[in-house]
Amino acid sequence: MTEEERIFKGGLYASEEPELVEKKRKAHKLSQDYNTLYEEEQEAREKILHELLAVIGEGSFMLGPIHFHYGCHTQIGSHCFMNFNFTVQDDAKVTIGDHCNFGPNVTIVTPLHPMLGEERRGLMCNDGVERFLCYAKPVTIGNDCWFGANVVVCPGVTIGNNCVIGAGSVVTRDIPDNSFAAGTPAKVIRPITEEDTIYKRFPELR
């Protein structure tokens, strides 16, 4: 079994193995290449994203800078917008739906490290080799979600469709469809309903 297969099965894996290091270096380079381009160099930017990510939908735009750990483990839908400093540590798979908006400094994280300090320094494997081992859990985000600035999404979280996550929140558990959630850790504050229409706040639009 490859290290990547171990990741996707939720098992322990050694991130320093050459097969993973090569993928990470490629993603880091492509992220850096993207960050050197100006916003109007759209064709060159799109070419990089298609090489960097597993899937990138039509009309999705990342302001930059961006930071992807693997890139090839991330799928992004159509018509999404990512503001400054969008960071995805996608050891496990990250799936983002359509029409999602991300404020500045949003971070999505999938890996988990041992809780005991001595185990983070290395674990002895069955073959007698000590390795730095961790495991990872996928993150799934539905359609039509909005993330405020400085949101952190933690490993294993699923966020439903049509959710709003308040600025500065740390999302550690699943958020159901049509929810406004905020806080550290994030909790559902209330459901989102038709009463939240922008027309109610700005009646002159009618």
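The chain carries the name Acetyltransferase in an unreviewed UniProt entry, which gives Candidatus Blautia faecavium as its organism. Heading Sequence similarities (unreviewed entry) of the UniProt record for the chain holds this comment: "Belongs to the transferase hexapeptide repeat family."

Caption draft 1: Local environment of the packing of aromatic side chains. Taken as a whole and assessed by the stated rule, the structure comprises 4 aromatic pairs. Ring geometry for Phe61 and Phe81: centres 6.2 Å apart, planes at 15°, overall stacked. In this pair, Phe61 sits in strand 3 (residues 61-62) while Phe81 sits in strand 6 (residues 81-82), placing the two residues 20 residues apart along the sequence. Overall, Phe61 belongs to the partly exposed group, its relative accessible area being 26%. Here the aromatic rings of Phe68 and Phe86 are separated by 6.0 Å at their centres, their planes lie at 70°, and the arrangement is edge-to-face. Of this pair, Phe68 sits in strand 4 (residues 66-68) while Phe86 sits in strand 7 (residues 86-89), and the two are 18 residues apart along the sequence. The burial state of Phe68 is the same as that of Phe86; both residues are buried. Ring pairs connect the aromatic residues Phe68, Phe86, Phe102 and Phe147, which therefore count as one cluster.

Caption draft 2: Focus on the UniProt feature "coiled-coil region" (unreviewed entry) in the chain. Annotation from UniProt places "coiled-coil region" (unreviewed entry) at residues 20-47. Between the end C-alpha atoms of residues 20-47 the distance is 23 Å, and the span holds 79% helix and 0% strand.

Caption draft 3: Spotlight on helix 2 (residues 18-35). Compared with the 26 Å implied by 1.5 Å per residue over 18 residues, the 26 Å span of helix 2 between its first and last C-alpha is a close match. Within the span of helix 2, buried status applies to Leu20, Lys24, Ala27, Leu30, Ser31 and Tyr34. Here the buried residues of helix 2 occupy an arc of 130° about the axis, which is enough to place them on one side. Away from the buried face of helix 2 by more than 90 degrees, exposed residues Pro18, Glu22, Arg25 and Lys29 are located.

Caption draft 4: How the structure looks around the pattern of salt bridges. For the structure shown, the criterion picks out 7 salt bridges. The partner of Lys23 in a salt bridge is Glu4, and the shortest N-O contact between them spans 3.8 Å. With Lys23 in helix 2 and Glu4 in helix 1 (residues 3-8), the pair connects residues that are 19 residues apart, well separated along the chain. Residue class for Glu4 comes out buried when judged on its relative accessible area of 18%. Salt bridges sharing common partners tie together Glu17, Asp127 and Arg131.

Caption draft 5: A look at a nonpolar patch on the surface. A grouping of Ile198, Tyr199, Phe202 and Leu205 is seen on the molecular surface, where their side chains present a nonpolar patch of about 380 Å² in accessible area. Counting through the fold element by element, Leu205 comes out in the segment after helix 5 (198-201).

Caption draft 6: Region of the structure containing the pairing of strand 22 (residues 187-191). Relative to strand 22, strand 21 (residues 179-182) runs antiparallel, the two being bridged by 4 bridges. Among the inter-strand pairings, Ser179 is bridged to a residue of strand 22, identified as Pro191. Joining the antiparallel neighbours strand 21 and strand 22 is a turn of 4 residues, in which Gly183 adopts a positive phi near 115°.

The rules we used
Residues numbered from 1 in each chain as written. Predicted model: local features only at pLDDT ≥ 70, side-chain atom pairs only at ≥ 80, totals over all residues. Heavy atoms only, no water. UniProt positions renumbered as here; feature names shortened; annotations may be inferred. Phe/Tyr/Trp six-rings, centres within 6.5 Å; stacked < 30°, edge-to-face > 60°. Helix = DSSP H or I, 4+ residues; strand = E, 2+ residues; numbered from the N terminus. Buried < 20%, exposed > 50% of the residue type's maximum accessible area, 1.4 Å probe, protein only. Expected span 1.5 Å × (residues − 1). Arc of directions from axis to C-beta. Salt bridge = Lys/Arg side-chain N within 4 Å of Asp/Glu carboxyl O. Patch = residues over 30% accessible without salt bridge, like charges linked within 9 Å, V, L, I, M, F, W, Y side chains within 5 Å. Areas by Shrake-Rupley, 256 points an atom, 1.4 Å probe, with all protein chains shown as cover. Pairing = 2+ DSSP bridges.

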